[in-house]
Amino acid sequence: VNHGGRGWWDPMHPAAKGDVFGLVQHLEPGLSFGAVRQRLRALAGITPSFTSALHRRARQPPKLPVAERWAMAPALTVGSAVWRYLTVSRGLPGRILHLATRHDLIREGPKGSAWFKHTDHTTRLTGIEMRGPGWRGMAAGSDKTLFRLPGGSLSAPRLVVVEAPIDALSLAALEGPRADTLYLATAGGIGPGTLQALRTLLASRAMDPAAELIAASDADPPGDRHAACLTELAAAAGVRAARLRPPPAAGDWNELLVRARARAGELVS
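All of the points below concern the structure found in this document. (Residues numbered from 1 in each chain as written. Predicted model: local features only at pLDDT ≥ 70, side-chain atom pairs only at ≥ 80, totals over all residues. Heavy atoms only, no water.)

**Quick notes on the overall build of the protein**
Operational definition: Per the convention used, a helix needs a DSSP run of H or I reaching at least four residues, while a strand needs a run of E reaching at least two, with both numbered from the N terminus. The buried label goes to any residue with under 20% of its type's maximum accessible area, the exposed label to any with over 50%, and the partly exposed label to all in between, with areas taken from a 1.4 Å probe on protein chains only. Every residue pair with non-hydrogen atoms within 4.5 Å of one another is taken to be in contact. Areas reported here follow the Shrake-Rupley algorithm with a probe of radius 1.4 Å; residue values treat only the protein chains shown as occluding.
Helix and strand counts for the protein stand at 10 helices and 11 strands. Relative to its 269 residues, the protein shows a buried fraction of 43%. In the protein, the share of contacts with a sequence separation of at least 24, taken over all contacts with a separation of at least 6, comes to 62%. Per element, the accessible surface of the protein, about 14300 Å² overall, is 57% carbon and sulfur.

**What about the sheet that holds strand β6 (residues 135-138)?**
Here is the rule we go by: Paired strands, in this sense, are two strands between which DSSP finds at least two bridges. Every axis corresponds to a line fitted to the C-alpha atoms, with the helix fit spanning only the stretch in contact, and the corresponding angles, defined between N-to-C directions, vary from 0 to 180 degrees.
In spatial order, the strands read β3-β4-β5-β6; together these 4 strands make up an open sheet with antiparallel pairing. Of all the strands in the sheet, the pair left with one neighbour each is β3 (106-108) and β6. Averaged over all neighbouring strand pairs, the angle between strand axes comes to 25°, with direction disregarded. Lying over the sheet, helix α5 (residues 81-89) contacts β3, β4 (114-119) and β5 (125-132), oriented at roughly 80° with respect to β4.

**Notes on the nonpolar core**
Filter applied, for reference: Take the buried Ala, Val, Leu, Ile, Met, Phe, Trp, Tyr and Cys residues and link them wherever side-chain atoms come within 4.5 Å; each set so joined is a nonpolar core.
Counting residues in hydrophobic clusters, the biggest one holds 32 residues, and the most contacted among them are L86, I106, F116, F147, L149 and L169. Elements represented by at least two residues in this core include exactly α5, α6 (94-102), β4, β7 (147-150), β8 (158-162), α7 (165-175), β9 (181-185) and α10 (253-263). For this core, the element with the most residues is α7, which contributes 6 residues. Sequence-distant contacts of L86, that is, excluding residues within four places in its chain, are made with L76, G91, L92, L97, I106, A114, F116 and I166. Counting residues in each nonpolar core, the second largest holds 21 residues, with A156, A211, L213 and L230 among its members.

**Side note on the side chain of T194**
Summarising the element assignment, T194 is placed in helix α8 (residues 192-205). Not counting residues up to four positions away in its chain, the partners in contact with T194 are K144, T145, L146 and T186.

**A look at the layout of surface pockets**
If a probe as big as a water molecule is rolled over the atoms, it shows which places are left empty. As a reminder of what qualifies: Grid points spaced at 1 Å over the protein atoms alone were grouped into cavities, where a 1.4 Å probe fits but cannot get out, and pockets, open sets with protein on both sides within 12 Å along at least five of seven lines, with lining residues defined by an atom within 4 Å of a point. Grid points are joined across faces, edges and corners, and a volume is the space filled by probe spheres set on the points. Note on residue categories: nonpolar means Ala, Val, Leu, Ile, Met, Phe, Trp, Tyr, Cys or Pro, charged means Asp, Glu, Lys or Arg, and polar means any other residue, Gly included.
Roughly 330 Å³ of internal volume is contained in the largest pocket. Lining the largest pocket are 18 residues, with E129, R131, R136, E163 and A164 positioned closest to its centre. Those elements that place two or more of their residues in the lining of the largest pocket are β5, β6 and α7. By residue class, the composition of the lining of the largest pocket is 7 nonpolar, 3 polar and 8 charged. By volume, the second largest pocket is sized at about 240 Å³. Taken together, 16 residues line the second largest pocket, and the ones lying closest to its centre are T119, D120, T123, R148 and L154.

**Thoughts on the pattern of salt bridges**
To keep things clear, this is the line we draw: Take a side-chain nitrogen of Lys or Arg and a carboxyl oxygen of Asp or Glu: if they are within 4 Å of each other, that pair is a salt bridge.
Taken as a whole and assessed by the stated rule, the structure comprises 10 salt bridges. For the salt bridge of R107 with D104, the shortest nitrogen-to-oxygen distance reads 2.9 Å. Look at R107 and you get buried, because its relative accessible area is 14%. Taking the shortest distance from any N to any O, the salt bridge between R245 and D224 comes out at 3.0 Å. Note that R245 is positioned in the loop between β11 (240-243) and α10 and D224 in helix α9 (residues 221-237), a separation of 21 residues in sequence.

**Digging into the packing of aromatic side chains**
Which entries qualify depends on this criterion: Two aromatic rings, drawn from Phe, Tyr or Trp (for Trp, its six-membered ring), form a pair once their centres lie within 6.5 Å of each other, and the interplanar angle then sorts them: stacked below 30 degrees, edge-to-face above 60, tilted otherwise.
Following the criterion strictly, the structure yields 1 aromatic pair and no others. Between F116 and F147 the ring centres are 5.8 Å apart and the planes differ by 90°, which places this aromatic pair in the edge-to-face class. Of this pair, F116 sits in strand β4 while F147 sits in strand β7; the two residues are 31 residues apart in sequence, bridging distant segments of the chain. On the accessibility criterion, F116 (1% relative accessible area) is buried. In this structure F147 comes out as buried when scored by relative accessible area, which is 0%.

**Here's the deal with unusual backbone geometry**
With an omega of 10°, the peptide bond running from G176 to P177 counts as cis. In this fold, P177 is placed in the loop between α7 and β9. With a phi angle near 70°, T123 is a residue other than glycine that sits in the positive phi range. Assignment of secondary structure puts T123 in the loop between β4 and β5. Residue classification places T123 among the exposed positions, given a relative accessible area of 53%. Phi at A187 is positive, roughly 60°, even though this residue is not glycine. With respect to the secondary-structure elements, A187 resides in the loop between β9 and α8.

Put into structure tokens, the structure is as follows:
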């Protein structure tokens, strides 16, 4: 829900948005407008009840802007707790981590957590996505846009979009990476900042005959909805789109990478 009079929107279906009447019809498509009014009339005047603890809790603003926190965090270092988490627990090869480090896409957070950079089309840092052995989320004060790993250059015509940075790194490892590809991650659902970032990328490639968007979301129903949203965005921009689905037995690209490297005897605990 967007406040300030802006209504609601569905991150998986960008065209689905509007006022409260549209929300009820979106959730129950068979209802007429009159039936929607009757449904809402029964809710009018009802105040939601919360515990007193929730009423008292106030969100504390971050002590430092997200860009300053990123600048203060140490770079990814071979042999560190974060390096071991990414290479041992998540099976990422060193060559892919070195590539990400050259582009300053990963920093080391507390308690062995990896920090992944989100940037806009100007390469300005907008947010930090955090992932560790027991934690994941966005840093306070972050705006979700896109994690961007270039297999060659940032202007590559092939856009491969997954849900999480670790999956972007994993698919890049499985594919080589490909020099014609920009590997992208949305941090799960497609929010307003991510939506704008994707539209900007697609618009910049609309005239390139080699341009293609690959929806490489997870092999599950939410992943399929994520991929359908990406395909709609590509179609609206006039860019070819294709679905690249991980094998159902793996579910996502990181699990597939871990299994492949384990079979090859490349993983050392």
